[in-house]
Amino acid sequence: MQKCYLRFKLIVVIVLVVRTEAFRREPSHQRGGRVLSPVPMARRRVLLYLKPFDVYPPRPLSGASSLTFPPPPPPPRAANPKILSYLDHRCRVHKDTINLCKSVLQRKPLDWISVQRNHLSNPIHDVDLVITVGGDGTLLRASHFLDSSIPILGVNSDPTCSDEVEELTEEFDARRSTGYLCAATARNFEQILDATLAGSRHYSELSRISVKLNGSQLPTYALNDILVSHPCPASVSRFSLRKRSNGETSCLINSRSSGLRVATATGSTAAMLSAGGFMMPISSRELQYMIREPISPTDADKPLLHGLVKQEQHMLVVWYNQEGAVYIDGSHVTYPIQHGDTLEISSDAPVLKVILPEYLLKQASL
Ligand SMILES: *[C@@H]1O[C@H](CO)[C@@H](O)[C@H](O)[C@H]1NC(C)=O
């Protein structure tokens, strides 16, 4: 209880710090009025949004660190020393990337602050650019606090090294952060930041998923995908589904399955692809849906188990289990649903402005 309260206090304090810092650093000619006034020389504001260190499994205590709070978790049992040194190295590379990004920002005519991703729980305002340092997961988490006004640039802080993966392939999976959506790494961060600030590197507008629960908008838009399912992965999900666009309604599918996944074009290369879906051009405004592991579908239903929701369509889902959940972009953001709830799923959501890596841009312009 007390721990909970402490954590809550910590979050409040940090959020307050973020806000007051943002104001304190604002040049006086911008204070109080419209934020993005076209004053020449206006200093731009950057939020550095960081993946924390505690996601790396702990290493054994090294002497003097026993006074840290919260106390470090116990070291993993029976860990292979190679795995420990790999994890240790990952943590160090991530830390080095953060330090590099901070030192680059320090040299630019910018006002910037940094926040660890677990300490931010409110929409992001009052900045001109968000830079995430981590992998795609960190960029996805930041996207949930952004509307369509602020662009985001991802820095993959710990990219996979193919030599290492090859060398260790018989021992363990040595892949590092996935940075499919991250335009930068430590190596080219300054160059991409400069190009972004100079306006020569443009952002792309990626579509997102909107979910309405019984007619009320859920406050988080999905950048990759949503999963609607029973919270227990071994339980059957029961729901019905149909597509609708102004006046036209498709036939009803009654599903008993492992749930429903709906992906954006961006997310079509993630879990949807693993599940047997297809890649969509990243600029597409359509959504792709798939019923997972359908139980004895009828022949009439079969072609409808996987398909597209067009931009002008939405999908109506009625949920028939006592328990259920909508998972947004993985497991961190969930909304519980219950028997009789109706979900309206569509791409009618604010786009996200993302500075994409070159290879995705090339793909998009093909
Ligand atoms: C949504 O509407 C259904 C049908 O009216 C109702 O059974 C259910 O309790 C509602 N759910 C919420 C969360 O209000």
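Just so you know, these numbers come straight off a predicted model, no measurement behind them.

Asker: I keep staring at the packing of helix 2 (residues 81-107) against helix 5 (residues 189-198) and nothing clicks. Help me out?
Answerer: When two helices pack together, their arrangement is given by the angle between the helix axes and the distance between those axes. Their axes nearest at 10 Å, the elements helix 2 and helix 5 cross at an angle of 40 degrees. Judged by the inter-axis angle, helix 2 sits oblique to helix 5. Here the hand of the crossing between helix 2 and helix 5 comes out right-handed. In this structure, helix 2 uses Leu100, Cys101 and Val104 to contact helix 5, whose residues at the interface are Phe189, Glu190 and Leu193.

Asker: Explain the pairing of strand 4 (residues 152-156) to me, please; I cannot follow it from the model alone.
Answerer: In the case of a regular strand, side chains alternate between the two sheet surfaces. By the criterion of burial, strand 4 is predominantly enclosed, with 5 of the 5 residues buried. Covered by surrounding structure in strand 4 are Ile152, Gly154 and Asn156 together with Leu153 and Val155, the residues of both alternating faces. Across 5 bridges, strand 3 (residues 129-134) lies against strand 4 in parallel orientation. For Ile131, the partnering residue across the bridge sits in strand 4 and is Leu153. At this point the chain moves from strand 3, through helix 3 (residues 136-143), to the parallel strand 4, and the crossover so formed is right-handed. In terms of strand pairing, strand 4 meets strand 20 (residues 352-355) through 2 bridges, oriented parallel. Paired with Ile152 across the bridge in strand 20 is Val354. Pairing of strand 4 with strand 5 (residues 184-185), which is carried by 2 bridges, proceeds in the parallel orientation. Directly across from Asn156, in strand 5, lies its bridge partner Thr185.

About the cut-offs
- Residues numbered from 1 in each chain as written.
- Predicted model: local features only at pLDDT ≥ 70, side-chain atom pairs only at ≥ 80, totals over all residues.
- Axes fitted to C-alpha atoms, helices over the stretch in contact; angles between N-to-C directions.
- Helix = DSSP H or I, 4+ residues; strand = E, 2+ residues; numbered from the N terminus.
- Parallel < 35°, antiparallel > 145°, perpendicular 65-115°, else oblique.
- Left-handed = near helix turned anticlockwise from the far one by under 90°.
- Contact = placed C-beta atoms within 7 Å.
- Buried ≥ 20, exposed ≤ 12 C-beta atoms within 10 Å, placed from the backbone.
- Pairing = 2+ DSSP bridges.
- Right-handed = clockwise from strand over helix to strand, strands pointing away.

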